[in-house]
Amino acid sequence: MGIAGATVAATDESIPDWGRWTLAGTALAGAAVLGIAVLVGPAARRLAGERHPLTQAELGQMTAAERVEAVNAARHTLIQAATGLVVIGGVVFTAQGLWYTAQSLDASRQAQRTSEQGQIADRYTKAVEQLGATKMNVRLGGIYALERLAQDSPRDHQTVYDVLAAFVREHDRKPIDEKTQSSFDPAADAQAALTVIGRRNGTRDVSALDLSRSLLHGAELDRANLRGVNLFNADLGSADLNGADLTDANVNGTNLEGAFLVGANLTRAMLHGNLKGTHLDEANLTKADLTSVYMPEAYLTGANLTGANLMDANLTDTDLTGANLTGANLTGTNLYGANLRSVRGITESEIRKVAHVDTTTKF
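Given the structure is predicted, the values throughout are model-derived calculations rather than measurements. (Residues numbered from 1 in each chain as written. Predicted model: local features only at pLDDT ≥ 70, side-chain atom pairs only at ≥ 80, totals over all residues. Heavy atoms only, no water.)

Asks: Help me understand the overall build of the chain, please; the structure alone is not making it clear to me.
Replies: In terms of helices and strands, the chain carries eight helices and two strands. Start at the N end of the chain and walk to the C end: the helices and strands fall as α-α-α-α-α-α-α-β-β-α. Per-residue burial over the chain gives 35% buried out of 363 residues. Long-range pairs, those at least 24 residues apart, make up 22% of the contacts in the chain between residues at least 6 apart in sequence. (Helix = DSSP H or I, 4+ residues; strand = E, 2+ residues; numbered from the N terminus. Buried < 20%, exposed > 50% of the residue type's maximum accessible area, 1.4 Å probe, protein only. Contact = heavy atoms within 4.5 Å.)

In C-alpha coordinates:
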(Lines give C-alpha, C1' and ligand atoms only; values in the text may rest on other atoms or scores of the structure.)
Protein backbone atom coordinates (compact mmCIF):
# COMPACT_ATOMS: atom_id res chain seq x y z
CA MET A 1 0.00 0.00 0.00
CA GLY A 2 2.85 2.34 0.79
CA ILE A 3 4.45 1.69 -2.61
CA ALA A 4 1.13 2.24 -4.38
CA GLY A 5 0.52 5.45 -2.43
CA ALA A 6 4.00 6.85 -3.28
CA THR A 7 3.51 5.93 -6.95
CA VAL A 8 0.15 7.70 -7.16
CA ALA A 9 1.52 10.77 -5.33
CA ALA A 10 4.46 10.96 -7.76
CA THR A 11 1.99 11.61 -10.59
CA ASP A 12 0.43 14.61 -8.81
CA GLU A 13 1.56 17.69 -10.80
CA SER A 14 0.68 20.00 -7.90
CA ILE A 15 3.70 18.64 -6.00
CA PRO A 16 7.08 20.27 -6.83
CA ASP A 17 9.32 18.36 -9.21
CA TRP A 18 11.89 17.49 -6.53
CA GLY A 19 9.09 16.06 -4.34
CA ARG A 20 7.69 13.97 -7.16
CA TRP A 21 11.14 12.58 -7.96
CA THR A 22 11.65 11.74 -4.25
CA LEU A 23 8.33 9.89 -4.08
CA ALA A 24 9.09 8.03 -7.29
CA GLY A 25 12.48 6.98 -5.93
CA THR A 26 10.91 5.84 -2.65
CA ALA A 27 8.31 3.77 -4.50
CA LEU A 28 11.01 2.22 -6.67
CA ALA A 29 13.17 1.38 -3.66
CA GLY A 30 10.19 -0.18 -1.82
CA ALA A 31 9.30 -2.23 -4.86
CA ALA A 32 12.91 -3.42 -5.12
CA VAL A 33 13.00 -4.49 -1.46
CA LEU A 34 9.67 -6.30 -1.78
CA GLY A 35 10.83 -7.99 -4.97
CA ILE A 36 14.05 -9.21 -3.36
CA ALA A 37 12.09 -10.60 -0.39
CA VAL A 38 9.83 -12.52 -2.76
CA LEU A 39 12.79 -13.77 -4.79
CA VAL A 40 14.82 -15.11 -1.86
CA GLY A 41 11.71 -16.59 -0.24
CA PRO A 42 8.75 -18.11 -2.08
CA ALA A 43 10.13 -17.67 -5.57
CA ALA A 44 13.40 -19.43 -4.74
CA ARG A 45 11.61 -22.36 -3.08
CA ARG A 46 9.24 -22.66 -6.02
CA LEU A 47 12.13 -22.63 -8.48
CA ALA A 48 13.86 -25.31 -6.36
CA GLY A 49 10.81 -27.56 -6.75
CA GLU A 50 8.90 -26.78 -3.53
CA ARG A 51 5.61 -25.73 -5.15
CA HIS A 52 3.69 -27.00 -2.08
CA PRO A 53 4.63 -28.36 1.38
CA LEU A 54 6.76 -31.51 0.96
CA THR A 55 5.33 -34.90 1.95
CA GLN A 56 7.24 -37.35 4.12
CA ALA A 57 8.16 -39.38 1.03
CA GLU A 58 9.54 -36.28 -0.70
CA LEU A 59 11.47 -35.32 2.44
CA GLY A 60 13.03 -38.73 2.44
CA GLN A 61 14.30 -38.45 -1.11
CA MET A 62 16.71 -35.54 -0.27
CA THR A 63 18.82 -34.77 2.72
CA ALA A 64 18.42 -31.43 4.49
CA ALA A 65 21.75 -30.25 3.10
CA GLU A 66 20.67 -31.08 -0.46
CA ARG A 67 17.41 -29.21 -0.03
CA VAL A 68 19.27 -26.12 1.33
CA GLU A 69 21.73 -26.31 -1.55
CA ALA A 70 18.91 -26.48 -4.13
CA VAL A 71 17.12 -23.50 -2.59
CA ASN A 72 20.37 -21.49 -2.43
CA ALA A 73 21.13 -22.28 -6.08
CA ALA A 74 17.67 -21.08 -7.04
CA ARG A 75 18.14 -17.92 -4.96
CA HIS A 76 21.49 -17.27 -6.61
CA THR A 77 19.93 -17.57 -10.08
CA LEU A 78 17.05 -15.29 -9.16
CA ILE A 79 19.32 -12.72 -7.52
CA GLN A 80 21.50 -12.61 -10.67
CA ALA A 81 18.39 -12.02 -12.79
CA ALA A 82 17.16 -9.37 -10.33
CA THR A 83 20.56 -7.68 -10.35
CA GLY A 84 20.37 -7.41 -14.13
CA LEU A 85 16.92 -5.90 -13.88
CA VAL A 86 18.12 -3.45 -11.24
CA VAL A 87 21.02 -2.39 -13.47
CA ILE A 88 18.63 -1.87 -16.37
CA GLY A 89 16.31 0.08 -14.09
CA GLY A 90 19.22 2.16 -12.85
CA VAL A 91 20.21 3.00 -16.41
CA VAL A 92 16.64 4.01 -17.22
CA PHE A 93 16.38 6.07 -14.03
CA THR A 94 19.73 7.75 -14.76
CA ALA A 95 18.67 8.51 -18.32
CA GLN A 96 15.47 10.06 -17.04
CA GLY A 97 17.48 12.12 -14.56
CA LEU A 98 19.82 13.34 -17.28
CA TRP A 99 16.86 14.20 -19.52
CA TYR A 100 15.26 16.16 -16.69
CA THR A 101 18.55 17.99 -16.05
CA ALA A 102 18.86 18.84 -19.76
CA GLN A 103 15.31 20.15 -19.80
CA SER A 104 16.03 22.25 -16.72
CA LEU A 105 19.20 23.67 -18.32
CA ASP A 106 17.32 24.52 -21.53
CA ALA A 107 14.65 26.28 -19.52
CA SER A 108 17.32 28.17 -17.58
CA ARG A 109 19.10 29.20 -20.77
CA GLN A 110 15.84 30.36 -22.32
CA ALA A 111 15.04 32.37 -19.22
CA GLN A 112 18.53 33.87 -19.32
CA ARG A 113 18.15 34.80 -23.01
CA THR A 114 14.79 36.40 -22.31
CA SER A 115 16.31 38.35 -19.43
CA GLU A 116 19.26 39.46 -21.58
CA GLN A 117 16.94 40.62 -24.38
CA GLY A 118 14.95 42.58 -21.84
CA GLN A 119 18.12 44.21 -20.55
CA ILE A 120 19.25 45.03 -24.10
CA ALA A 121 15.86 46.60 -24.86
CA ASP A 122 16.13 48.70 -21.72
CA ARG A 123 19.68 49.79 -22.62
CA TYR A 124 18.61 50.69 -26.16
CA THR A 125 15.62 52.73 -24.96
CA LYS A 126 17.71 54.62 -22.42
CA ALA A 127 20.52 55.33 -24.93
CA VAL A 128 18.09 56.64 -27.56
CA GLU A 129 16.48 58.89 -24.96
CA GLN A 130 19.93 60.26 -24.14
CA LEU A 131 20.43 61.28 -27.79
CA GLY A 132 17.58 63.77 -27.37
CA ALA A 133 18.94 65.29 -24.16
CA THR A 134 19.78 69.00 -23.99
CA LYS A 135 23.18 68.46 -22.36
CA MET A 136 26.12 67.55 -24.58
CA ASN A 137 27.67 65.06 -22.12
CA VAL A 138 24.39 63.15 -21.90
CA ARG A 139 24.15 62.90 -25.69
CA LEU A 140 27.75 61.69 -25.88
CA GLY A 141 26.96 59.05 -23.26
CA GLY A 142 24.03 57.86 -25.36
CA ILE A 143 26.22 57.56 -28.48
CA TYR A 144 28.86 55.44 -26.75
CA ALA A 145 26.17 53.37 -25.00
CA LEU A 146 24.72 52.50 -28.42
CA GLU A 147 28.16 51.52 -29.69
CA ARG A 148 28.62 49.14 -26.75
CA LEU A 149 25.14 47.74 -27.34
CA ALA A 150 25.97 46.99 -30.99
CA GLN A 151 29.09 45.13 -29.86
CA ASP A 152 27.20 43.09 -27.25
CA SER A 153 24.20 42.30 -29.46
CA PRO A 154 25.07 41.59 -33.13
CA ARG A 155 21.35 41.26 -33.96
CA ASP A 156 20.90 44.95 -33.06
CA HIS A 157 23.97 46.14 -35.00
CA GLN A 158 22.10 47.49 -38.03
CA THR A 159 19.43 49.21 -35.92
CA VAL A 160 22.01 50.96 -33.75
CA TYR A 161 24.00 52.33 -36.68
CA ASP A 162 20.88 53.36 -38.58
CA VAL A 163 19.92 55.41 -35.52
CA LEU A 164 23.38 57.00 -35.32
CA ALA A 165 23.33 57.77 -39.07
CA ALA A 166 19.93 59.44 -38.66
CA PHE A 167 21.32 61.43 -35.72
CA VAL A 168 24.15 62.71 -37.94
CA ARG A 169 21.82 63.50 -40.87
CA GLU A 170 19.44 65.54 -38.75
CA HIS A 171 22.13 67.32 -36.74
CA ASP A 172 22.71 71.04 -37.16
CA ARG A 173 26.17 72.28 -37.97
CA LYS A 174 28.25 74.03 -35.35
CA PRO A 175 27.94 77.83 -35.85
CA ILE A 176 30.85 79.53 -37.56
CA ASP A 177 33.46 81.14 -35.30
CA GLU A 178 33.23 84.83 -36.16
CA LYS A 179 36.63 85.55 -34.59
CA THR A 180 38.60 83.06 -36.64
CA GLN A 181 36.12 82.74 -39.53
CA SER A 182 36.83 79.03 -39.50
CA SER A 183 34.86 76.62 -41.63
CA PHE A 184 31.81 74.84 -40.32
CA ASP A 185 32.73 71.83 -38.25
CA PRO A 186 30.50 69.09 -36.86
CA ALA A 187 29.50 69.57 -33.23
CA ALA A 188 31.18 67.26 -30.70
CA ASP A 189 28.23 64.85 -30.54
CA ALA A 190 27.89 64.61 -34.33
CA GLN A 191 31.64 64.03 -34.62
CA ALA A 192 31.43 61.34 -31.92
CA ALA A 193 28.64 59.59 -33.85
CA LEU A 194 30.75 59.71 -37.02
CA THR A 195 33.75 58.30 -35.17
CA VAL A 196 31.65 55.42 -33.85
CA ILE A 197 30.24 54.75 -37.32
CA GLY A 198 33.74 54.83 -38.79
CA ARG A 199 35.05 52.11 -36.46
CA ARG A 200 32.08 49.73 -36.57
CA ASN A 201 32.38 46.09 -37.59
CA GLY A 202 31.24 46.41 -41.20
CA THR A 203 30.86 42.64 -41.64
CA ARG A 204 27.66 42.88 -39.57
CA ASP A 205 26.06 45.48 -41.85
CA VAL A 206 22.81 44.26 -43.33
CA SER A 207 22.28 47.29 -45.57
CA ALA A 208 24.16 50.46 -46.48
CA LEU A 209 24.20 53.27 -43.94
CA ASP A 210 22.50 56.46 -45.09
CA LEU A 211 24.50 59.67 -44.56
CA SER A 212 23.07 61.39 -47.63
CA ARG A 213 22.84 65.19 -47.46
CA SER A 214 24.67 65.18 -44.13
CA LEU A 215 26.51 68.36 -43.16
CA LEU A 216 29.99 66.99 -42.44
CA HIS A 217 32.20 69.92 -43.42
CA GLY A 218 35.57 69.56 -41.70
CA ALA A 219 34.71 66.17 -40.17
CA GLU A 220 37.48 63.96 -38.79
CA LEU A 221 37.14 60.60 -40.54
CA ASP A 222 40.75 59.47 -40.69
CA ARG A 223 40.88 55.74 -41.59
CA ALA A 224 37.12 55.49 -41.15
CA ASN A 225 35.18 52.48 -42.43
CA LEU A 226 32.73 54.01 -44.92
CA ARG A 227 32.38 51.00 -47.23
CA GLY A 228 29.16 51.18 -49.21
CA VAL A 229 27.90 54.21 -47.24
CA ASN A 230 25.45 56.50 -49.02
CA LEU A 231 27.04 59.98 -49.03
CA PHE A 232 24.86 61.37 -51.81
CA ASN A 233 24.98 65.20 -51.79
CA ALA A 234 26.73 65.23 -48.40
CA ASP A 235 29.04 68.11 -47.49
CA LEU A 236 32.52 66.72 -46.78
CA GLY A 237 34.40 69.86 -47.73
CA SER A 238 37.79 70.12 -45.97
CA ALA A 239 37.07 66.79 -44.21
CA ASP A 240 39.92 64.53 -43.11
CA LEU A 241 39.37 61.26 -44.97
CA ASN A 242 43.00 60.18 -45.11
CA GLY A 243 43.18 56.40 -45.36
CA ALA A 244 39.38 56.08 -45.24
CA ASP A 245 37.74 53.07 -46.88
CA LEU A 246 35.09 54.35 -49.32
CA THR A 247 34.85 51.18 -51.38
CA ASP A 248 31.50 51.07 -53.24
CA ALA A 249 30.42 54.27 -51.47
CA ASN A 250 27.93 56.57 -53.18
CA VAL A 251 29.78 59.89 -53.34
CA ASN A 252 27.59 61.19 -56.17
CA GLY A 253 27.10 64.93 -55.75
CA THR A 254 29.18 64.96 -52.56
CA ASN A 255 31.12 68.14 -51.84
CA LEU A 256 34.74 67.07 -51.31
CA GLU A 257 36.29 70.46 -52.05
CA GLY A 258 39.53 70.73 -50.13
CA ALA A 259 39.01 67.32 -48.49
CA PHE A 260 42.02 65.17 -47.63
CA LEU A 261 41.80 61.63 -49.05
CA VAL A 262 45.47 60.70 -49.02
CA GLY A 263 45.69 56.91 -49.21
CA ALA A 264 41.90 56.56 -49.25
CA ASN A 265 40.28 53.57 -50.97
CA LEU A 266 37.57 54.70 -53.41
CA THR A 267 37.37 51.48 -55.42
CA ARG A 268 34.16 51.52 -57.52
CA ALA A 269 33.02 54.68 -55.72
CA MET A 270 30.74 57.06 -57.63
CA LEU A 271 32.17 60.60 -57.69
CA HIS A 272 30.22 63.23 -59.56
CA GLY A 273 30.36 66.23 -57.25
CA ASN A 274 32.65 69.15 -56.48
CA LEU A 275 36.18 67.95 -55.84
CA LYS A 276 37.98 71.22 -56.45
CA GLY A 277 41.28 71.25 -54.58
CA THR A 278 40.64 67.79 -53.16
CA HIS A 279 43.70 65.92 -51.84
CA LEU A 280 43.66 62.40 -53.26
CA ASP A 281 47.40 61.70 -53.17
CA GLU A 282 48.11 57.93 -53.22
CA ALA A 283 44.33 57.31 -53.16
CA ASN A 284 42.96 54.06 -54.60
CA LEU A 285 40.40 55.01 -57.24
CA THR A 286 40.39 51.68 -59.06
CA LYS A 287 37.31 51.52 -61.34
CA ALA A 288 35.92 54.65 -59.69
CA ASP A 289 33.18 56.41 -61.64
CA LEU A 290 34.41 59.99 -62.14
CA THR A 291 32.26 60.80 -65.17
CA SER A 292 31.95 64.61 -65.63
CA VAL A 293 33.47 65.17 -62.18
CA TYR A 294 34.52 68.75 -61.42
CA MET A 295 38.02 68.37 -59.95
CA PRO A 296 40.20 71.36 -60.89
CA GLU A 297 43.35 72.02 -58.86
CA ALA A 298 43.03 68.61 -57.17
CA TYR A 299 45.98 66.54 -55.96
CA LEU A 300 46.15 63.02 -57.41
CA THR A 301 49.90 62.44 -57.03
CA GLY A 302 50.58 58.71 -57.16
CA ALA A 303 46.85 57.89 -57.18
CA ASN A 304 45.69 54.55 -58.58
CA LEU A 305 43.14 55.31 -61.32
CA THR A 306 43.26 51.87 -62.94
CA GLY A 307 40.07 51.37 -64.93
CA ALA A 308 38.58 54.62 -63.64
CA ASN A 309 36.02 56.41 -65.81
CA LEU A 310 37.10 60.06 -66.26
CA MET A 311 34.98 60.78 -69.32
CA ASP A 312 34.30 64.53 -69.68
CA ALA A 313 35.85 65.18 -66.26
CA ASN A 314 37.32 68.62 -65.52
CA LEU A 315 40.88 68.09 -64.24
CA THR A 316 42.19 71.56 -65.04
CA ASP A 317 45.45 72.27 -63.20
CA THR A 318 45.18 68.92 -61.40
CA ASP A 319 48.41 67.28 -60.26
CA LEU A 320 48.53 63.68 -61.58
CA THR A 321 52.27 63.16 -61.15
CA GLY A 322 53.06 59.44 -61.01
CA ALA A 323 49.39 58.43 -61.18
CA ASN A 324 48.47 54.99 -62.55
CA LEU A 325 46.09 55.52 -65.50
CA THR A 326 46.10 51.95 -66.80
CA GLY A 327 42.79 51.32 -68.57
CA ALA A 328 41.40 54.71 -67.47
CA ASN A 329 38.81 56.30 -69.75
CA LEU A 330 40.02 59.86 -70.55
CA THR A 331 37.61 60.55 -73.39
CA GLY A 332 36.79 64.26 -73.37
CA THR A 333 38.69 64.83 -70.12
CA ASN A 334 39.84 68.44 -69.63
CA LEU A 335 43.54 68.31 -68.78
CA TYR A 336 44.43 71.95 -69.39
CA GLY A 337 47.33 72.86 -67.14
CA ALA A 338 47.35 69.38 -65.58
CA ASN A 339 50.64 67.83 -64.48
CA LEU A 340 50.94 64.40 -66.13
CA ARG A 341 54.64 63.82 -65.54
CA SER A 342 55.60 60.19 -64.84
CA VAL A 343 52.03 58.88 -65.26
CA ARG A 344 51.85 55.12 -65.79
CA GLY A 345 49.77 52.83 -67.95
CA ILE A 346 49.16 55.29 -70.81
CA THR A 347 51.35 57.18 -73.25
CA GLU A 348 51.34 60.87 -74.10
CA SER A 349 50.11 60.14 -77.63
CA GLU A 350 47.21 58.06 -76.30
CA ILE A 351 46.21 60.89 -73.97
CA ARG A 352 46.35 63.47 -76.72
CA LYS A 353 44.07 61.35 -78.92
CA VAL A 354 41.16 61.32 -76.50
CA ALA A 355 41.60 64.10 -73.91
CA HIS A 356 41.68 67.91 -74.13
CA VAL A 357 45.20 69.24 -73.59
CA ASP A 358 46.95 72.52 -74.32
CA THR A 359 50.41 74.05 -74.12
CA THR A 360 50.14 74.31 -70.33
CA THR A 361 49.59 70.56 -69.93
CA LYS A 362 52.79 69.02 -68.54
CA PHE A 363 53.98 65.65 -69.85
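Asks: Would you mind showing me how to read the environment of glutamine 191 here?
Replies: Tracing the backbone shows glutamine 191 in helix H7 (residues 188–198). Taking C-alpha positions, glutamine 191 is 7.2 Å from glutamate 220, a pair spaced 29 residues apart along the chain. The contacts of glutamine 191, once residues within four sequence positions are left out, are Pro186, Ala219 and Glu220.

Asks: Help me understand the environment of threonine 301 in this model?
Replies: With respect to the helices and strands, threonine 301 occurs in the loop between strand S2 (270–271) and helix H8 (348–354). Here aspartate 281 takes part through its side chain, which lies 3.5 Å from a polar atom of the side chain of threonine 301. (Polar contact = N/O pair within 3.5 Å; in protein donor to acceptor, adjacent residues only side chain to side chain.)

Asks: Teacher, can you tell me more about the side chain of threonine 316 here?
Replies: Inspection of the secondary structure assignment puts threonine 316 in the loop between S2 and H8. A distance of 2.6 Å separates the side chain of threonine 316 from the side chain of asparagine 314, its partner in a polar contact. A distance of 3.4 Å separates a polar atom in the side chain of threonine 316 from a polar atom in the side chain of asparagine 334. Apart from the residues lying within four places of it in its own chain, the contact partners of threonine 316 are Pro296, Glu297, Asn334 and Tyr336.

Asks: Teacher, can you tell me more about unusual backbone geometry here?
Replies: With the exception of glycine, the majority of residues adopt a negative phi angle, and the majority of peptide bonds are in the trans configuration. One non-glycine residue, aspartate 317, lies in the positive phi region at around 60°. Among the secondary structure elements, aspartate 317 is positioned in the loop between S2 and H8. For serine 342, which is not glycine, the phi torsion reads 65° and is therefore positive. Looking at the secondary structure, you find serine 342 in the loop between S2 and H8.

Asks: Is there a simple way to think about the pattern of salt bridges in this case?
Replies: Applying the stated criterion to the full structure yields nine salt bridges. Of the charged contacts in the structure, one is a salt bridge between arginine 139 and aspartate 189, with a shortest N-O distance of 2.6 Å. Here arginine 139 is found in helix H5 (residues 136–152), whereas its partner aspartate 189 is found in helix H7, with 50 residues between them in sequence. A residue is classified by how much of its surface remains accessible, and aspartate 189, at 0% relative accessible area, is buried. Between arginine 352 and glutamate 348 there is a salt bridge whose closest N-O contact spans 2.9 Å. Taken together, the residues arginine 352 and glutamate 348, both in helix H8 and four residues apart, mark about one turn of the helix. (Salt bridge = Lys/Arg side-chain N within 4 Å of Asp/Glu carboxyl O.)

Asks: Explain the environment of aspartate 319 here, please?
Replies: Along the chain, aspartate 319 falls in the loop between S2 and H8. Sequence separation of aspartate 319 and asparagine 339 is 20 residues, and the distance between their C-alpha atoms is 4.8 Å. Excluding residues that lie within four positions of it along the chain, aspartate 319 makes contacts with Ala298, Tyr299, Leu300, Thr301 and Asn339. Among the polar contacts listed, one links the side chain of aspartate 319 to the side chain of threonine 321, at a separation of 2.6 Å.

Asks: How should I be thinking about the packing of H5 against helix H6 (residues 157–169) in this particular structure?
Replies: In helix packing, the relevant descriptors are the interaxial angle and the interaxial distance, both defined with respect to the helix axes. Here H5 crosses H6 at 155°, and the two axes come no closer than 8 Å. Judged by the angle between their axes, H5 and H6 are roughly antiparallel. Pair H5 / H6 crosses with left-handed handedness. Mapping the contact onto sequence places Ile143, Leu146, Glu147, Leu149 and Ala150 in H5 and His157, Val160, Tyr161, Val163, Leu164 and Phe167 in H6. Classifying every residue of the contact of H5 with H6 gives nine nonpolar, one polar and one charged. (Axes fitted to C-alpha atoms, helices over the stretch in contact; angles between N-to-C directions. Parallel < 35°, antiparallel > 145°, perpendicular 65-115°, else oblique. Left-handed = near helix turned anticlockwise from the far one by under 90°. Nonpolar A, V, L, I, M, F, W, Y, C, P; charged D, E, K, R; others polar.)

Asks: Just checking my understanding: could you explain the packing of H6 against H7 for this structure?
Replies: Direction vectors running N to C along H6 and H7 enclose 145°, while the axes themselves pass 9 Å from each other. Every pair of crossing elements has a handedness; the one defined by H6 and H7 is left-handed. Two secondary-structure elements touch here, H6 through Tyr161, Leu164, Ala165, Phe167 and Val168 and H7 through Asp189, Ala190, Ala193, Leu194, Val196 and Ile197. For the contact of H6 with H7, the per-class residue count stands at ten nonpolar, no polar and one charged.

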